[in-house]
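Structural description and commentary
One letter stands for each residue in the lines below.
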Amino acid sequence: MNLILLLYFEFFKIGAFAVGGGLATIPFLEELIDKYHWITHEDLINIIAIAESTPGAVGVNAATFMGYQTAGIFGGILAVLGLITPSIIIIVIVAQIFHKFKTNAYVQAAFYGIRPVAAGIIGAAGISVAIIAFGLKGVFLGNPIEPIYATLFKVLLGVVFFYLIEKFKKHAVVYIILGALVGIFIL
Amino acid sequence: MKNLLDLFFAFFKIGALTFGGGYAMLPIIQAELINKRGWIEEGEVLDYYAISQTTPGIIAVNTATFIGYKKVKILGAIAATLGVVAPSILIITLIATVFDSFMDIALVEKAFLGIRIVVVALIASGVVALSKKSLIDLTTKILFLVSILIMTIWSPSPVIIIVAGAICGLIFGRKKEEAKK
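In short, a report on the structure. All figures in this text were calculated on a predicted structure; none of them were measured in a lab.

1. Observations concerning unusual backbone geometry
When glycine is set aside, most residues are seen to have a negative phi, and most peptide bonds are trans. All names here are of chain B. Of note, Lys-73 is a non-glycine position whose phi angle comes to about 55°, a positive value. Its place among the elements puts Lys-73 in helix 4 (residues 59-103). In this structure, Ser-155 takes a positive phi of about 30° despite not being glycine. Of note, Ser-155 is situated in the loop between helix 6 (138-154) and helix 7 (158-180). Exposure remark for Ser-155: the relative accessible area of 46% places this residue in the partly exposed category.

The structure is reproduced here in structure tokens:
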């Protein structure tokens, strides 16, 4: 299939199934990388960082970036169009039955089960991002790329950043700048 | 036609001013659509936002679609949605064109070593926030842990996990409702 059409359909799928906003697209983007190898997992983490620190919705930014890196300007545009098409279809339907939708027992029951697994797959995506960011892959394979204390130091930094994010609730871009400074001067 | 252009540009502005999407867009919607234009009321926005969080898709996109649909039906939904994503396409395309040569700079590469660790912490914080809202009893906690395990060990398509979650919800969530009665 034409690459640009393929991008449209793959991002359509993400728009139709990613529940929970921008971060919820990450496990789907990881699946795309495993399936097509358009970009690397490291690229994806960079993309998330940039998507978080530029204006616009994180999921839309990430889709544009991945589409662009895969197939240029039109790749970026078609990825976004794919991502938003299900939203338009679903919301137009939901808007018709708005009051029934909110109180429907089946809808509520389905979302009772969807919400925790949606959080779970983002958690799993976080684990695979962590394995790359902390350099754990080599450790697990018994062939670490750097001394073990360097890996432990990165994990410790991750815990510190998490604490700062939870404690001060500042915008993501603040921590990303902080992370850049740590990368340049300490790591 | 003028209505559609109005919608497009109002949401273009919202898209360009929203940092991080989702919740961050609410104050900007309030300034732009409620205070300045008087298009909708506060309570409506919160209703749409709540629904947009539970339906699939990007929350900012869903909210724009909802408001656009309420104003001018389907064409309005499309105009508002295109408006809210257009700044992302423009800004990210500009960044992406220079990104590769930017990444070749040794200093930038070092910076991203630190940034990646922050991304892990940001995702963890997002999962904690979602968990607080969705892990309301033992069944949902088990669903959460099982989905993490399955994804980490076998990494199937996330679509399968979401559909399985919906089925489990229909089985266990319905039972819960009946038990209440």
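2. Looking at the pattern of salt bridges
Residue and element names in this part refer to chain B. Summed over the entire model, instances satisfying the criterion amount to seven salt bridges over all chains. The salt bridge partner of Arg-37 is Glu-32, with a shortest N-O separation of 3.0 Å. For Glu-32, a relative accessible area of 6% translates into the label buried. Each of Lys-13, Glu-32, Lys-36 and Arg-37 takes part in one network of salt bridges that share partners.

3. Describing the nonpolar core
Phe-11 and Met-66 of chain A together with Phe-11 of chain B are the most contacted members of the largest nonpolar core, which has 119 residues in total. The dominant element in this core, judged by the number of residues it contributes, is helix 4 of chain B, at 17 residues. Once residues within four sequence positions are removed from consideration, Met-66 of chain A is found in contact with Phe-11, Leu-29, Leu-32, Ile-33, Trp-38, Ile-39 and Ile-47 of chain A.

Rules behind the numbers
- Residues numbered from 1 in each chain as written.
- Chains lettered and ligands numbered in written order.
- Predicted model: local features only at pLDDT ≥ 70, side-chain atom pairs only at ≥ 80, totals over all residues.
- Heavy atoms only, no water.
- Helix = DSSP H or I, 4+ residues; strand = E, 2+ residues; numbered from the N terminus.
- Buried < 20%, exposed > 50% of the residue type's maximum accessible area, 1.4 Å probe, protein only.
- Salt bridge = Lys/Arg side-chain N within 4 Å of Asp/Glu carboxyl O.
- Core = buried A, V, L, I, M, F, W, Y, C linked by side-chain atoms within 4.5 Å.
- Contact = heavy atoms within 4.5 Å.

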